[in-house]
Amino acid sequence: MDQYSEMNNGTTMTAVRFAEKLREKGHEVRVITASDIQEDGVYVLPEKHIPVFQSIVDKQGMRLAQPVDDVIARAIEGSDVVHMLMPFWVQHAAARIAEEKRVATTAAFHIQPENITYSIHMSKWPGINSFVYSFLRRKFYDKFSHIHCPSEMMKNLLIKNKYRGEIHAISNGVCEAFEKRDVVRCEQYKDKFVIMMIGRYSREKRQDLIIKAIGKSKYNDRIQLVLAGKGPTAKKLKKLSDRYLKNPVDFVFLPQEELIDRINMCDLYVHASDAESEAISCIEAFTCGLVPVISDSKICATKQFALDERNLFRKGNYKSLREKIEWFIEHPREKAALSEQYEAYAKQFTLDACVDRLADVFVTAVQENKERWQNTDNEQAYLQTLSAKQKRAYEKGKKKYCKQCDKQGKHDYKNAYITTVKNGCLA
């Protein structure tokens with residue numbers, strides 16, 4: 001994971017929490033990162049700077065790792081499986097070195113192409129998102145037999161874009177610390193209806209929509225908005241809020257314990273994002289009893305958490321969002337009933353359960369990797385018994401077999417062609 005210490009985005013938080021939980025369960029976890037952390041099991045790489053695009057990386061609060069083969073090889077040596085959290089330079093190098101050492105590999109798909117194209121103002125270019133999906137698949141994800149993604153929506157998008165590995169939709173999970181608490185509201189929130197959104201300040205997250213919805217509401221003077229996060233659009237959001245809102249927005253970036261208390265001071269959670277692979281922050285909010293109102297965008301997986309049509313608003317439509325907000329202000333008993341439903345619903349998203357499911361994927365990948373290398377060794381031994389003509393026939397048959405797999409949207413990740421030949425399934 002390129003960035004491991006700066007907890008300013010969902011993927012980094014997921015990586016840290018998964019690693020901690022796996023260690024609790026008795027596994028040894030090593031981390032390769034560009035974050036400067038002096039801990040056992042952490043292998044630090046230099047930061048990679050990208051000409052032209054580095055300013056965008058910096059604005060998103062991210063860092064990328066410069067691969068150093070010797071460091072990566074030391075980290076991988078003796079491992080059972082190497083899990084790639086991103087599809088960047090260090091993951092390419094780790095995949096290559098793991099293959100040389102015959103170590104199993106798996107990958108995660110956490111960065112939606114839509115997140116990238118929004119950030120570089122190319123989201124409206126025809127076919128650009130499909131191109132990015134295809135590019136990432138061909139250059140990186142086709143190497144892996146098992147791919148983790150955080151939602152069924154992302155799984156369906158990967159299948160639609162012809163990703164061939166076995167795709168596992170497993171939530172990133174919620175830390176056990178998130179819970180409903182009795183907390184005393186801070187002075188700024190007293191006598192207010194407090195609305196919260198947690199997430200990076202960036203174009204696709206659409207915090208601007210919440211500001212407009214509140215600004216046009218008849219309850220503008222009663223509403224306090226809390227935007228928890230960091231990001232490149234902070235100044236624009238501040239300027240917009242000064243124009244529309246009667247109560248200043250509370251822009252905050254908080255450590256976990258303070259964030260949990262802040263969530264418990266709020267009345268409603270809004271997730272306005274146009275593009276989202278899961279939005280763990282929304283699960284964290286309703287785990288604490290906050291009722292969510294979520295964009296119904298086709299590429300926002302967060303909408304899967306809507307238990308009722310009242311929990312959805314029309315994508316990009318501040319008037320629709322305003323109507324939902326006002327309905328919840330005017331119907332406190334119905335909101336309280338929904339809050340209880342969400343507390344019960346949240347139990348399936350515990351971090352413990354999600355990590356167990358991912359660990360099962362790792363076990364399967366390790367077993368299949370052993371089978372693949374056994375097949376590779378068997379193939380080499382078998383080829384030694386063939387004449388030059390027979391070898392050519394074998395290679396021709398293998399090429400045809402792999403082409404058939406490609407047509408079926410599959411891949412021979414186990415190098416199983418030798419097995420089919422020796423079992424007489426193919427001539």
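Structural data are supplied above this passage.
Just so we're clear, the structure is a prediction, and the values are computed from it rather than from any experiment. (Residues numbered from 1 in each chain as written. Predicted model: local features only at pLDDT ≥ 70, side-chain atom pairs only at ≥ 80, totals over all residues. Heavy atoms only, no water.)

Caption draft 1: Representation of the nonpolar core in the model. Ile195, Met196, Leu225, Leu268, Phe286 and Ile325 are the most contacted members of the largest nonpolar core, which totals 60 residues. Here this core takes 6 residues from strand S9 (residues 193-198), the largest share from any one element. In this structure, Leu225 is in contact with Ile195, Ile210, Ile211, Ile214, Leu245, Pro248, Val249 and Asp250, ignoring residues within four places of it in sequence. (Core = buried A, V, L, I, M, F, W, Y, C linked by side-chain atoms within 4.5 Å. Buried < 20%, exposed > 50% of the residue type's maximum accessible area, 1.4 Å probe, protein only. Helix = DSSP H or I, 4+ residues; strand = E, 2+ residues; numbered from the N terminus. Contact = heavy atoms within 4.5 Å.)

Caption draft 2: Focus on the pattern of salt bridges. Summed over all chains, the structure comprises 31 salt bridges. Among the ionic pairs, Arg137 bridges to Asp142, the shortest N-O distance being 3.1 Å. The exposure class assigned to Arg137 is buried, which follows from its relative accessible area of 15%. By relative accessible area, Asp142 is classed as buried at 14%. (Salt bridge = Lys/Arg side-chain N within 4 Å of Asp/Glu carboxyl O.)

Caption draft 3: Structural detail: the packing of aromatic side chains. Under the defined criterion, the tally for this structure stands at 20 aromatic pairs. Their ring planes at 45° and their centres at 5.1 Å tell us that Phe109 and Tyr141 sit as a pair that is tilted. Remark: Tyr141 occurs in the loop between helix H6 (128-139) and strand S7 (146-149) and Phe109 occurs in the loop between strand S6 (104-108) and helix H5 (113-119); sequence separation between them is 32 residues. Across the pair, exposure class does not vary: Phe109 and Tyr141 are buried alike. (Phe/Tyr/Trp six-rings, centres within 6.5 Å; stacked < 30°, edge-to-face > 60°.)

Caption draft 4: Examining the sheet that holds strand S13 (residues 291-295) more closely. Here we have 6 strands laid out as an open sheet, ordered S11-S10-S9-S12-S13-S14, and parallel in their pairing. Whereas interior strands pair on both sides, the edge strands pair on one side only; in this sheet they are strand S11 (250-252) and strand S14 (312-313). Note that S9 and strand S10 (residues 223-228) share 6 bridges and pair parallel. Pairing of Ile198 across the sheet is with Ala228, part of S10. Against the sheet, helix H11 (residues 280-287) engages S9, strand S12 (268-271) and S13, with an angle of about 165° to S12. (Pairing = 2+ DSSP bridges. Axes fitted to C-alpha atoms, helices over the stretch in contact; angles between N-to-C directions.)

Caption draft 5: Here's a closer look at the packing of helix H1 (residues 10-24) against helix H14 (residues 351-383). Contact geometry for H1 and H14: axes closest at 10 Å, N-to-C directions at 80°. Relative to H14, the element H1 lies roughly perpendicular. Along its contact with H1, which presents Arg17, Phe18, Lys21 and Leu22, the element H14 presents Leu351, Asp352, Val355, Leu358, Ala359 and Phe362. Grouping the amino acids of the contact of H1 with H14 by side-chain chemistry returns 7 nonpolar, no polar and 3 charged. (Parallel < 35°, antiparallel > 145°, perpendicular 65-115°, else oblique. Nonpolar A, V, L, I, M, F, W, Y, C, P; charged D, E, K, R; others polar.)

Caption draft 6: Quick peek at the environment of Gln367. Along the chain, the position of Gln367 falls in helix H14. Looking at Gln367, the relative accessible area reads 51%, which means it is exposed. Residues Gln367 and Ile329, 38 residues apart in the sequence, show an inter-C-alpha distance of 54 Å.

Caption draft 7: Focus on H1. Helix length check: H1 (15 residues) gives 21 Å between terminal C-alpha atoms against 21 Å at 1.5 Å per residue, within 8%. When we look at burial in H1, the residues that qualify are Thr11, Thr12, Thr14, Ala15, Val16, Arg17, Phe18, Ala19, Lys21 and Leu22. (Expected span 1.5 Å × (residues − 1).)

Caption draft 8: Molecular detail of the sheet that holds S6. Spatially, the 4 strands line up as an open sheet ordered S5-S6-S7-S8, and their pairing is parallel. The two strands at the open ends of the sheet, each matched to only one other strand, are strand S5 (81-84) and strand S8 (166-169). Averaged over all adjacent pairs, the angle separating strand axes in this sheet is 25°, with direction ignored. Here S7 runs beside S8; their pairing, made up of 4 bridges, is parallel. Along S8, the bridge assignment pairs His146 with Glu166.

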